[in-house]
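Coordinate analysis (summary)
Listed here are the chains, written in short residue letters.
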Amino acid sequence: MQLVNLLKGDKNAGRALWFMRQAGRYLPEYRSVRAEMPDFISFCLNPEKAFEVTLQPIERFDLDAAIIFSDILTIPWLLERNLRFEAGRGPLLDAMDHPLDINAQLITSLEDKLSPVGDAVRLTRKKLSTDKALIGFAGAPWTLVTYMAEGGSSRDFAKAKSWLWSARAQTKALFSLLEEAVIRLLVLQARAGADVLMLFDSWAGAVPDALREDFVINPAIRIIDGVRDQGIAQPIICFPKGLGEGLLGFADQVPCQGLGIDQHTNLAWAAENLPENLVLQGNMDPLAVAAGGAPMRAELDRILAAMAGRSHIFNLGHGFVPHTPVENVAELTQLVRERG
Ligand code: CP3
């Protein structure tokens, strides 16, 4: 299993390849399954359907890893934040009035209510070829708080950020609760057979520098420690998106095996300055794949040059956009394979 070997430090494992949002709306076979489902959350919690779409990009592109079809917002769903997805609007939730505006008791039923995620992992692991890794994942507390505070996606994260300054103690209590939920969700997936775990902190870059330790770095450390305390040994990839030079402090302190690099970070700088034993993942601009042709090939040249001589998981800097032509993904996949 190339991805796992790489993350365990095998320098001869070669480059591994998978893509964030590899199962998603750019694939016609995904759209046709999606069209049958009443809503997105019941889709995520339907093990047979989740399994089916998880394998679609593997069947089409023969990638090295599958990521279980699910969503980071299953935790706010468990916390009864009234999660729904309306076409063209992204996720919507009931906005929280204050950081403790939540029923903490609800996380006691996590293993029960989110058992379909474990079932989907078991089903997928059974069918996925043994040389391919299955990735389980969760969202980091800060990114979850942005959606829960604001009631959906946000441009400036004004409410969640105001809590970091003006309601710090309560916000830390909310973080502890979410850390526990994230640990339990990751453990559930690892025990069901996930080979690698990934922690998405998509909006980490919005946390002010002075607060990064408290709300990005320390939560990631506590989550990894909590998962390890449960006897889980699978490699962990962190993706604290948007940290820029803050990646140095993150990499220095957080005991992860892989680190996702977004497309706004200079990959040559990352390769030169981040610890040698950390496997870097990234960082093609998803819009360069949507553009295709010469711009996509130039992006590929840039990435391969930056990563020469270093362990690398080829990936995007963020997920595919829905209008990505499938033939561009096929071409990119072939080029990455040809060029090692
Ligand atoms: O293929 C994969 O990457 C695995 C599945 C996966 C999904 N979401 C499926 C999905 C993963 C790993 C996620 C993570 C996720 N979800 C993140 C972290 C990564 C990132 O993109 O920053 C975040 C922030 C979310 C929250 C979320 N879920 C948003 C903002 C949206 C709307 C996106 C949009 O463009 O409308 C979703 C919905 C979602 N999650 C879709 C998919 C395939 C599309 C919804 C649909 O099919 O209708």
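To keep things clear, this report deals only with the structure shown in the data block.

The rules behind each value
- Within each chain, residues carry numbers counting from 1 in the order of the written sequence.
- Where local features are concerned, this predicted model is filtered to residues with pLDDT of at least 70; where side-chain atom pairs are given and counted, the filter is 80 or more; whole-chain, interface and lining totals use all residues.
- Working from all heavy atoms in the structure, the side-chain values ignore hydrogens and water.
- Summary of the distance rule: residues count as near a molecule or strand when at least one heavy atom falls within 4 Å of that molecule or strand.
- A 3.5 Å cut-off defines polar contacts: any pair of N or O atoms within that distance qualifies, except that in protein one atom must be a possible hydrogen donor and the other a possible acceptor, and neighbouring residues in sequence count only when both atoms are side-chain atoms.
- Per-residue and other accessible areas follow the Shrake-Rupley method at a 1.4 Å probe size, with only the shown protein chains counted as cover for residues.
- In this count, Pro and Cys sit with the nonpolar residues alongside Ala, Val, Leu, Ile, Met, Phe, Trp and Tyr, while Asp, Glu, Lys and Arg are called charged and the others, Gly among them, polar.
- Any Phe, Tyr or Trp ring, taking Trp's six-membered ring, that has another such ring centre within 6.5 Å forms a pair; planes under 30 degrees apart are called stacked, those over 60 apart edge-to-face, and the others tilted.
- Only DSSP runs of H or I covering at least 4 residues are called helices, and only runs of E covering at least 2 are called strands; the numbering of each starts at the N terminus.
- The cut-offs for exposure are 20% and 50% of the maximum accessible area for each residue type, with area from a 1.4 Å probe on protein chains only; residues under the lower value are buried, those over the upper are exposed, and the others partly exposed.
- A pair is scored as a salt bridge if a Lys or Arg side-chain nitrogen falls within 4 Å of a carboxyl oxygen belonging to Asp or Glu.
- By definition, residues are in contact when any of their heavy atoms lie within 4.5 Å.
- At least two DSSP bridges between two strands are needed for those strands to be called paired.
- Arc definition: directions from the helix axis to the C-beta atoms.
- By convention, orient the strands away from the viewer: a clockwise path from the first strand over the helix to the second makes the crossover right-handed.

The next thing to look at is the site of the ligand. Neighbouring the ligand are 23 residues; Arg 25, Tyr 30, Asp 71, Ser 202 and His 318 lie closest to it. The separation between an oxygen atom of the ligand and a polar main-chain atom of Ala 23 is 3.1 Å. Take Ser 202: an N or O atom from its side chain is 2.5 Å from an oxygen atom of the ligand. Protein chains bury 88% of the 890 Å² of accessible surface belonging to the ligand in isolation. For the shell around the ligand, the residue count by class is 14 nonpolar, five polar and four charged.

Time to look at the packing of aromatic side chains. Inspection of the entire model under this criterion finds 12 aromatic pairs. With a centroid separation of 5.5 Å and an interplanar angle of 85 degrees, the aromatic rings of Phe 137 and Phe 200 are classed as edge-to-face. Of the two residues, Phe 137 sits in strand β5 (residues 133-139) while Phe 200 sits in strand β6 (residues 196-201), which places them 63 residues apart along the sequence. Residue classification places Phe 137 among the buried positions, given a relative accessible area of 7%. When its relative accessible area of 12% is taken as the criterion, Phe 200 is described as buried. Each residue in the set Tyr 30, Phe 40, Phe 43, Phe 69 and Phe 85 is aromatic and connected to the rest through ring pairs, giving one cluster.

A word on the pattern of salt bridges. Under the criterion given, the structure shown has 17 salt bridges. Between Asp 64 and Arg 337 there is a salt bridge, with the nearest N and O atoms lying 3.0 Å from each other. Separated by 273 residues along the polypeptide, Asp 64 in the loop between α4 (47-61) and β2 (65-67) and Arg 337 in helix α16 (residues 326-338) bring together distant segments of the chain. Residue classification places Asp 64 among the buried residues on the basis of a relative accessible area of 10%. Asp 195 serves as the salt-bridge partner of Arg 125, at 2.7 Å between the closest nitrogen and oxygen. In this pair, Arg 125 sits in helix α7 (residues 115-127) while Asp 195 sits in the loop between α10 (168-192) and β6, placing the two residues 70 residues apart along the sequence.

Moving on: the environment of Asp 94. Mapped onto the secondary structure, Asp 94 falls in the loop between β4 (90-92) and α6 (110-113). For Asp 94, a relative accessible area of 34% translates into the label partly exposed. Put simply, Asp 94 and Arg 125 are 31 residues apart on the chain and 35 Å apart in space, counted from C-alpha to C-alpha. With residues up to four places along the chain from it excluded, the contact list for Asp 94 reads Arg 81, Asn 82, Arg 84, Met 148 and Gly 151.

With six of six residues buried, β6 lies mostly within the body of the structure. Both faces of β6 are covered, namely the face carrying Val 196, Met 198 and Phe 200 and the face carrying Leu 197, Leu 199 and Asp 201. In this sheet, strand β7 (residues 236-240) lies alongside β6 in parallel orientation, the contact comprising five bridges. Counterpart to Phe 200 in the pairing with β7 is Phe 239.

Among the residues of helix α9 (residues 158-166), those classed as buried are Ala 160, Trp 163 and Leu 164. Relative to the axis of α9, the buried residues are bounded by an arc of 105 degrees and lie together on one face. More than 90 degrees from the buried face of α9, the exposed residues found are Trp 165 and Ser 166.

The next point concerns the pairing of strand β9 (residues 279-284). Across the six residues of β9, six count as buried, placing the element largely inside the fold. The pairing of strand β8 (residues 258-261) with β9 spans four bridges and is parallel. Its bridge partner being in β9, Gly 260 is matched across the sheet by Gln 281. Chirality of the crossover, the property in question, places the unit of β8, helix α13 (residues 267-273) and β9 among those that are right-handed. In terms of strand pairing, β9 meets strand β10 (residues 312-316) through five bridges, oriented parallel. Paired with Asn 283 across the strands is Asn 315, a residue of β10.

Bringing the sheet that holds β7 into the picture now. Overall, parallel pairing links the eight strands, which are arranged β1-β10-β9-β8-β7-β6-β5-β2 in an open sheet. At either margin of the open sheet sits one strand with a lone partner, and together these are β1 (16-17) and β2. Here β7 runs beside β8; their pairing, made up of two bridges, is parallel. Along β8, the bridge assignment pairs Cys 238 with Leu 259.

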